[in-house]
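# Structure assessment
Here is what each chain is made of, one letter per residue.
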Amino acid sequence: MMKKYIFFDIDGTLTDNRTGKIVPSAREALDKLRKNGHFVAIATGRAYYKAKDFLKEAGLRNMVCNGGNGIVINHELIRNAPLDHAKALAVINEAENLGYGILVAPYDSKDVVSKNMLFFKQAGFRKEPTRYLINDKIDYAKLENIYKIYISIPSDEEAKLTLKNTLGSLRFEKEYLMFQPDDKKKGIIEMVDLMGGCLDDVVVFGDDYNDLVMFDERFYKIAMGNACDALKSKADYITNSNINDGIYNACKVHGWIKE
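This write-up is about the structure you can find in this document.

About the thresholds
- Residues numbered from 1 in each chain as written.
- Predicted model: local features only at pLDDT ≥ 70, side-chain atom pairs only at ≥ 80, totals over all residues.
- Heavy atoms only, no water.
- Salt bridge = Lys/Arg side-chain N within 4 Å of Asp/Glu carboxyl O.
- Helix = DSSP H or I, 4+ residues; strand = E, 2+ residues; numbered from the N terminus.
- Buried < 20%, exposed > 50% of the residue type's maximum accessible area, 1.4 Å probe, protein only.
- Pairing = 2+ DSSP bridges.
- Contact = heavy atoms within 4.5 Å.
- Axes fitted to C-alpha atoms, helices over the stretch in contact; angles between N-to-C directions.
- Right-handed = clockwise from strand over helix to strand, strands pointing away.
- Core = buried A, V, L, I, M, F, W, Y, C linked by side-chain atoms within 4.5 Å.

## Notes on the pattern of salt bridges
A full pass over the atoms with the stated rule returns 21 salt bridges. For the salt bridge of Asp9 with Lys184, the shortest nitrogen-to-oxygen distance reads 3.4 Å. Of this pair, Asp9 sits in the loop between β1 (5–8) and α1 (24–35) while Lys184 sits in helix α5 (residues 184–194), and the two are 175 residues apart along the sequence. Taken as a pair, Asp9 and Lys184 share a single burial class, namely buried. Salt bridges here are not isolated pairs; linked through shared partners, they connect Asp9, Lys184 and Asp211.

Right, dumping it as structure tokens:
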């Protein structure tokens, strides 16, 4: 059997969105894939600090995280690059000039900083665990790193941010836009190269719009049955939904695992 380099998104692919837990049949598939000699890894947009515990829970050792900017091999974080500093500052300055609230994550952690309370007045508190530091003396330009930016701009006003497309951005909440690394494909390519593999042997599993970037023509692309239509349209194969044994069934159909 030819060795495959198989990468899995987390939310909606490996996990049940209702519980946040890994689907039991997916966990079984991961174990069998590894026993059969395949290289198995996670490819997630989550920051390293938010994904490292799940990596252990899934019984895996390798991960592309931080939207492609983080590389973990054998549980060792070997790279975790922040956003491009100049581009991040340009987006922050434009948003400030437009009158939108801003939160900036200067570390790979739940900590965010801001000059004022404007973000909270416009968008409220974030739903995810967050520690806020408000200091009107903060100079964003003097931050050594910027990992994420949150801007309290409504979706119907995003066009006002003329620099929006200079950084990767995602919207999970209607109240604010999040800027973070958004190129899981880059991280996958780097990891396969580090492991001495071939891109023709890469398999990717995903379910949502933020997985479109890793559905590269050089990879074998599998969309979950619960995936968005845009992802399904790019897929080489569409399996069952994640909670209906989609990962296990796809691996069995392709001969990567045996009963």
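Moving on from the model shown.
## Digging into the sheet that holds strand β14 (residues 237–238)
Overall, mixed pairing links the 8 strands, which are arranged β5-β4-β3-β2-β1-β12-β13-β14 in an open sheet. The sheet is open, and its two edges are formed by β5 (76–80) and β14, each paired on a single side. The sheet contact formed by strand β3 (residues 63–65) and strand β4 (residues 70–73) spans 3 bridges and is antiparallel. Note on β4: the bridge partner recorded for Cys65 is Gly70. Contacts from helix α2 (residues 48–57) reach β2 (39–43), β3, β4 and β5, with the element oriented near 155 degrees to β3.

## Re the pairing of β1
Burial along β1 is two-sided: the face carrying Tyr5 and Phe7 and the face carrying Ile6 and Phe8 are both buried. Here β1 runs beside β2; their pairing, made up of 4 bridges, is parallel. When the bridges of β2 are listed, Phe8 appears paired with Ile42. Handedness of the crossover joining β1 and β2 through α1 is recorded here as right-handed. In the sheet, β1 pairs with strand β12 (residues 202–206) via 4 bridges, with the strands oriented parallel. Note on β12: the bridge partner recorded for Ile6 is Val203.

## A short note on the nonpolar core
As a rule of thumb, nonpolar side chains are buried together in soluble globular proteins. In terms of nonpolar packing, the biggest core is built from 31 residues, with Phe8, Leu14, Phe205 and Ile247 touching the most fellow members. Counting residues per element, the ones that place at least two in this core are β1, α1, β2, α2, β3, β12 and α7 (246–253). Leave out the neighbours within four places in its chain, and Phe8 touches Leu14, Leu30, Leu33, Val40, Ala41, Ile42, Ala43, Phe205 and Ile247. Grouped together as the second largest cluster of nonpolar side chains are 22 residues, Phe39, Ala43, Met214 and Phe215 included.

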